[in-house]
Amino acid sequence: MAKTNPVQFIQQVRAEVGKVVWPTRREVTLTTIMVLIMAAVMALFFTLVDLIIRSGLEGVLNAF
């Protein structure tokens, strides 16, 4: 791999950053809301699964 001097490196970095397509504020907001909703849904799901498993285990252990 060829070595570049610091000036060339910084120029290359600036050129690459210029190619980045940044999301709009609306896209960021919608994505954030979707992530929060999915986190809440998954938390509810795992809470319900935990309650079901706990109830089943207590039933089995109380039977013996």
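Residues numbered from 1 in each chain as written. Predicted model: local features only at pLDDT ≥ 70, side-chain atom pairs only at ≥ 80, totals over all residues. Heavy atoms only, no water.

Asker: Looking at this structure, how should I read helix α1 (residues 6-19)?
Answerer: Given 3.6 residues to a turn, an α-helix orients residues that are three or four positions apart in the same direction. With 14 residues, α1 ought to run about 20 Å at 1.5 Å a step, and its terminal C-alpha atoms sit 20 Å apart, in line with that. Of the residues flanking the start of α1, the one acting as N-cap is N5, its side-chain oxygen 3.1 Å from the backbone nitrogen of V7. (Helix = DSSP H or I, 4+ residues; strand = E, 2+ residues; numbered from the N terminus. Expected span 1.5 Å × (residues − 1). Polar contact = N/O pair within 3.5 Å; in protein donor to acceptor, adjacent residues only side chain to side chain.)

Asker: Whenever I open this one, a nonpolar patch on the surface confuses me. Can you help?
Answerer: Side chains of I33, I37, M38, V41, M42, F45 and F46 sit close together on the surface and give an oily, nonpolar patch of about 670 Å² of accessible area. For V41, the location among the structural elements is in helix α2 (residues 25-63). (Patch = residues over 30% accessible without salt bridge, like charges linked within 9 Å, V, L, I, M, F, W, Y side chains within 5 Å. Areas by Shrake-Rupley, 256 points an atom, 1.4 Å probe, with all protein chains shown as cover. Salt bridge = Lys/Arg side-chain N within 4 Å of Asp/Glu carboxyl O.)

Asker: What's the story with the pattern of salt bridges in this structure? I'm lost.
Answerer: Pairing between side chains becomes possible if they bear opposite charge and their charged atoms approach one another. For the structure shown, the criterion picks out 2 salt bridges. Of the charged contacts, one joins K19 and E16 as a salt bridge, the two residues approaching to 3.2 Å between their closest N and O atoms. Residue K19 and its partner E16 are located together in helix α1, separated by 3 residues, close to a single helical turn. Look at K19 and you get exposed, because its relative accessible area is 58%. E16 sits in the partly exposed class, given a relative accessible area of 46%. (Buried < 20%, exposed > 50% of the residue type's maximum accessible area, 1.4 Å probe, protein only.)

Asker: I keep staring at the UniProt feature "transmembrane region" (unreviewed entry) in the chain and nothing clicks. Help me out?
Answerer: The UniProt entry lists residues 28-53 under the feature "transmembrane region" (unreviewed entry), expressed in the numbering used here. Between the end C-alpha atoms of residues 28-53 there is a gap of 37 Å, over a span that is 100% helix and 0% strand. (UniProt positions renumbered as here; feature names shortened; annotations may be inferred.)

Asker: I'm lost on the environment of Q8 in this one. Help?
Answerer: Tracing the backbone through its elements, the reader meets Q8 in helix α1. Spatially, the C-alpha atom of Q8 lies 70 Å from that of G59, the residues being 51 residues apart in sequence.

Asker: How should the packing of aromatic side chains be read in this particular structure?
Answerer: Given two aromatic rings, one states the distance between the centres and the angle between the planes to describe the pair. One pass over the structure, following the stated rule, counts 1 aromatic pair. A ring pair is formed by F45 and F46, whose centres lie 5.1 Å apart and whose planes are at 70°; its orientation type is edge-to-face. According to the relative accessible area criterion, F45 is partly exposed, its value standing at 46%. (Phe/Tyr/Trp six-rings, centres within 6.5 Å; stacked < 30°, edge-to-face > 60°.)

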